[in-house]
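Now for the letters of each chain:
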Amino acid sequence: MILAKLNSNDVLFNECVCVCFWQCVCLVVMAELPSGLLEACVVVGAPSDKLRDIHQVRIDTDQEYTVNKLFGFLCLGGLQLANEQKEDNYHFLVFTDLFGNRTHGVVVQCYRASCQEGVVQNGHRWNSTKSRLYTPFALCIISKFPYYNALRDCLSCLLVQLRPARQADFEETIKEFSAKLSLVPLPPPGQLHVSFSLRPLQVVLPSREDQDSPVIDIDLHLPFLCFTHTTLLQVLSCLLQEQRLVFFSSDWARLTLVAESLLLYLQPLSWQQPYVPVLARGMLDFLMAPTAFLMGCHISHFEEVATEDLILVNVDDGIIQSSCSESIDLPAIPLAAAESFISRAECLQLHYDLELCHLGVGTDANALRSQRRDWQRRLNSQIQNIALELVVNIFRGVQDFLNHEHRVFNSEEFLRMREPADQLFYKKVLETHIFHSFLRDRLNRKWDTFSRMEQNTRNHVHRYDAEIPRRPPMSELSRTGYSSYTSPDNRLSKRLGASLPNLEQPSNDTITVIRSPKKAVKIFRIPEFPPPLAYHYVQNYYSDMAASLGKAINATPPDESTLLARYHYLRGLVNTVSNRRLDALEDFQSLYKTDSDIFPSQMVKSLVDSLPDVERLQADRRPELKRLISRVKRDQELERASHGNGHEEDAVKRFQLPKKFMQLEEFVKCVQESGIVKDQGTIHRLFDALTVGHQKQVGPDLFRVFYTIWKETEAEAQEVCLPASVLEHIETTECVFKLSSSVKTSRGVGKIAMTQRRLFLLTDGRPGYVEVAQYRDLEEVKVSSAPFLLLRIPSLKLRVRGRKEAFEANLKTETELWNLMVKEMWAGRNIADQHKDPQYMQQALTNALLMDAVVGSLQSNKAIYAASKLAHFDRIKMEVPMMVPKTTAETLKHKINPSLELAAPQAVDVLLYTPGKTHRQLWVSVSGGKVMVFDASSWSLTHTCHVGNARLDQVWMGSEDSVIYIISMVAMVCNRQLTEHRAEVTGLALDADKYSQKVAYSCSAEGSIMVWDVSTLQVSLQYLHIVLADSTVQKSRNAIK
């Protein structure tokens, strides 16, 4: 079956090797290190008896002899004998198994002289020089990781050894080479690279940037050299839309390198479809697969392949077209994101020669290679940033349409907020596997490169996640018009907290990319390989490597904790391979204090499970190891429990309107999934409103009408375009949330507009602005009636502080609804001012808009009564006035609700204020281990993180699980843990005396007190079994004194 072939290239490759095994010299040496550099080394070439036959045919017929089926993947051109030596030819392969796991291969095809002496033809012996032929053979190194440049360097070094070697030594040289590579450990994620000597080259293995990032060991600028920026964006658009793409080139190596680079541009989005960057001629039937794919083949097959319905990418000429026409009829990447990408890409310096103009000629090959490598690393980093910005600009704000509790993505609302010209692109992308995987990571709150850049580049004014409908500020809509409003981020309404007078509002709306400085890269050079690869010498080699790592650890200052973690990780890996299990566990335990992000959970679990009884007893006598083993066992139990409860982290649902009647619990879930509102109390009141006079359940038809009216009202408000003469009277952050029909008022004829701060009249004819009232200035709101001929028309009468005459509007049938809404906004404003809490105003606005949707959906004489169920603050004001004590009112400056993003309020466990010249922050820990960080100047929410059930550059948090979590204030991640306590951590304190070494104190529920050296994270003193009446660290310190 074709689909099976597309997803199992390694199986096809192994079949090819097996076929060649009996008719070719075929050697497979499997790596001894499962997590090392080498997985396999494969060599294929014609045996001597076959060469004699070929040689005889060549002498007798004097014709070229070609056997294409001998080599398959490795010798893509087949067995072609030559009369003269040819250049070595490299290409790269990617193998994908049935489970989607990829391995990577680097192949070199080279020629060896085959001299057959004593060949007889027509009774005459030919001279050997006249019968000399050059026969091809191929070597392939296979690794789990895409170290393309490093593996190519390794093969280059191997060829240096093979050329002078005799035929009898050929196999032994390959075995020794494979054994050496199997001894090379892979560097851990981070700033530490690994290098080793293969003579004559020094080979460097670059590390991944972090645990979730891929290895990058190729030149990422190759696509920029092959394509124009516009064509490159077209190719990326086709990948995002999961089209059937075929790359063509006359150079086999170029196919894989360009394809790999393009997929890296899309990170953290991951290509989910079949991927075969190099197709041999016998595999062209793969292109008949009905699914999306990314494949590559030689340019000579272009005419043959172009008959299918495919997207054809000519890498050599930099052209993209469909097989049906010379252009592609697919939606382009959104214009704003594309323009930003092009402007950034134009600033790249892609030519290394320009960097050498001021330098002399180098004489040290390894020094020149190191210089080139550093330049390439800097360029790769720039390209990664540009590509990541493109992805962030395309999918910015996706998380605002996610409901994490129910794992729902509101695709309808997301599409509606995109530009009309971009919606077709997003419709196609939203249906792809690559986007589904991306959504799954967002729902799992994965903190990857996308999350970091999206957080850093999001305008500070949008970070306060108020629970209000999305509205662009009127200044934006009126300046550009809704149809041309392009910034997805700016479509999020300005946060209402900015309307309070004591809140600072940034005046600049521009988005600035924030890049954290790159840490300097360190290179650890492993010892020279042992000459004889016997067991004893290999063990000495591992001992030397562990000793070198120990010296590096001792020479590294404690404040470079991330580098220390990489050394410990590498030494733990070496100790694991050399069967020193307890030493390996001690190294991995050290990661909790240095950088727990790279803690190898699976490796540690297998180490613990493999401990013999003797070593297990030894581990129990070491407190650090005993704690580590108990933690591993506990994690295993939690993992089994989570699987037993059916916890599914892969599910992603799209919001759908209900199809059956809903009780209260189902209604709460549906409303939260729709994104209308999260707060359960508000949803309960909405349920009461929609079920007035009916059985306590909401039907699907009623909810569909309610949801449609809610969205239509939102869309109508977004179509309002105010003239400049009106805009100068309102704040730039204000949004029009409700607009009445044209009515007669005591101040003229026009439409009444409701924003989050005021009511104003938008006069008819030539639009003008007439101030009606700010909510805090209202004194009375009531329903009245105005005379009209012989009739009395219902009207809304407002009395405003400081004005003699009341404002009256003949709202007719809208009067009762506007009366409810204005009263709720008035009450919300008063309570928000009393409590210094803008969230009351936000909730009041949500209540008012829900009233409007309820009245529109019910259309009955009970509609106003039903809407009154949502008048929450007006009822509170009438029933139990929420008065603030005088002392509190005098000292209270601001009030925030850390449970705003949560479905229900959570208890606040810890508050911590961190002062600073530029970044003053308030850290809040709530139940469940969630930590929120507020900017103490604007009180806007800037970061959230989760630390478990639980230098001014870090925050320590004690938890119920006996762990002290350390959060980096720079990276905003919890990557270090202190696990010395055996019970709940009940208190923390810091002694920052400038005349003494900085120490921290911690105490736990069982009565132990520990004194920590903050720089080394080591326990300097420990007091056990101290019974405290009140478990606070301050009392503990007094007891110590």
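Residues numbered from 1 in each chain as written. Predicted model: local features only at pLDDT ≥ 70, side-chain atom pairs only at ≥ 80, totals over all residues. Heavy atoms only, no water.

The name given to the chain in an unreviewed UniProt entry is DENN domain containing 3, with the source organism recorded as Amphiprion percula.

Thoughts on the overall build of the chain
Scanning the chain from N- to C-terminus turns up 32 helices and 39 strands. Within the chain, buried positions represent 54% of all 1041 residues. Counting every atom, the chain has about 47,600 Å² of accessible surface; 51% of that belongs to carbon and sulfur. (Helix = DSSP H or I, 4+ residues; strand = E, 2+ residues; numbered from the N terminus. Buried < 20%, exposed > 50% of the residue type's maximum accessible area, 1.4 Å probe, protein only. Areas by Shrake-Rupley, 256 points an atom, 1.4 Å probe, with all protein chains shown as cover.)

What to know about the nonpolar core
Of all hydrophobic cores here, the largest spans 137 residues; its most connected members are Leu139, Phe196, Phe247 and Phe395. In terms of residues, this core owes the most to one element, helix H11 (residues 365–395), which gives 11 residues. Here leucine 139 is in contact with Val42, Val43, Val106, Val107, Val108, Cys110, Leu155, Leu158, Leu159, Leu162 and Ile174, once residues within four sequence places are set aside. In this structure, Ile676, Phe703, Val781 and Met825 belong to the second largest nonpolar core, which totals 67 residues. (Core = buried A, V, L, I, M, F, W, Y, C linked by side-chain atoms within 4.5 Å. Contact = heavy atoms within 4.5 Å.)

Some remarks on the environment of lysine 593
Tracing the chain through its elements places lysine 593 in helix H19 (residues 581–594). For the pair lysine 593 and alanine 565, spaced 28 residues apart in the sequence, the C-alpha separation amounts to 8.3 Å. Aside from chain neighbours lying at most four places away, what touches lysine 593 is Glu624, Arg976, Gln977, Leu978, Glu980, Leu1017 and Gln1018. Side chain to side chain, lysine 593 and glutamate 980 meet in a polar contact 2.8 Å long. (Polar contact = N/O pair within 3.5 Å; in protein donor to acceptor, adjacent residues only side chain to side chain.)

A short note on helix H7 (residues 229–240)
Between the first and last C-alpha of H7 there are 16 Å, a value that for 12 residues agrees with the 16 Å anticipated at 1.5 Å per step. Among the 12 residues in H7, nine count as buried, and that is most of the element. For H7, the complete set of buried residues consists of Thr231, Leu232, Leu233, Val235, Leu236, Ser237, Cys238, Leu239 and Leu240. Taken from the residues just after H7, glutamate 242 is the one with a positive phi, measuring 55 degrees. (Expected span 1.5 Å × (residues − 1).)

Some thoughts on the packing of helix H25 (residues 700–718) against helix H28 (residues 838–858)
Packing of H25 against H28 leaves a shortest axis separation of 9 Å and a crossing angle of 130 degrees. Considering their axes alone, H25 and H28 lie oblique with respect to each other. Judged by the sense of rotation from one axis to the other, the crossing of H25 with H28 is right-handed. Side by side, H25 and H28 meet where Leu702, Val705, Phe706, Ile709, Trp710 and Thr713 of the first sit next to Leu849, Leu850, Asp852, Ala853, Val854, Gly856, Ser857 and Leu858 of the second. Partitioned by chemical class, the residues of the contact of H25 with H28 number 10 nonpolar, three polar and one charged. (Axes fitted to C-alpha atoms, helices over the stretch in contact; angles between N-to-C directions. Parallel < 35°, antiparallel > 145°, perpendicular 65-115°, else oblique. Left-handed = near helix turned anticlockwise from the far one by under 90°. Nonpolar A, V, L, I, M, F, W, Y, C, P; charged D, E, K, R; others polar.)

Some details on the packing of aromatic side chains
Scanning the model with the defined rule gives 28 aromatic pairs in all. With centroids separated by 5.4 Å and ring planes inclined at 80 degrees, the aromatic side chains of phenylalanine 92 and tyrosine 148 adopt a geometry described as edge-to-face. With a gap of 56 residues between them, phenylalanine 92 in strand E5 (residues 89–96) and tyrosine 148 in helix H4 (residues 148–162) connect regions that are remote in the sequence. Residues phenylalanine 92 and tyrosine 148 agree in their burial class; the two are buried. Each member of the aromatic cluster is reached from another via a ring pair, and the members are Phe395, Phe401, Phe409, Phe414, Phe425, Tyr426, Phe435, Phe438 and Phe450. A cation over an aromatic ring shows up here: arginine 418 above the ring of phenylalanine 414, its NZ or CZ 4.1 Å from the ring centre. (Phe/Tyr/Trp six-rings, centres within 6.5 Å; stacked < 30°, edge-to-face > 60°. Lys NZ or Arg CZ within 6 Å of the ring centre and 35° of its normal.)

A look at unusual backbone geometry
A cis amide bond links arginine 199 with the next residue in sequence, proline 200, at an omega value of 15 degrees. Tracing the backbone shows proline 200 in the loop between strand E10 (192–197) and strand E11 (202–205). Positioned with a positive phi, lysine 812 is a non-glycine residue whose angle comes to about 55 degrees. Under the relative-accessibility criterion, lysine 812 is labelled exposed at 51%.

Quick word on helix H8 (residues 252–265)
Because each turn of an α-helix spans 3.6 residues, side chains separated by three or four positions end up pointing in the same direction. Taking 1.5 Å as the rise per residue, H8 with 14 residues should run 20 Å; its terminal C-alpha atoms sit 21 Å apart, in good agreement. Summarising burial for H8: 13 of the 14 residues are buried, a large majority. Where H8 starts, the residue carrying a side-chain oxygen 3.0 Å from the main-chain nitrogen of alanine 253 turns out to be aspartate 251.

Details of the environment of methionine 754
Tracing the backbone through its elements, the reader meets methionine 754 in strand E23 (residues 748–754). As a C-alpha pair, methionine 754 and glutamine 774 span 20 residues in sequence and 10.0 Å in three-dimensional space. Aside from chain neighbours lying at most four places away, what touches methionine 754 is Cys735, Val736, Phe737, Lys738, Leu759, Tyr775, Trp818, Met825, Leu845, Ala848 and Leu849.

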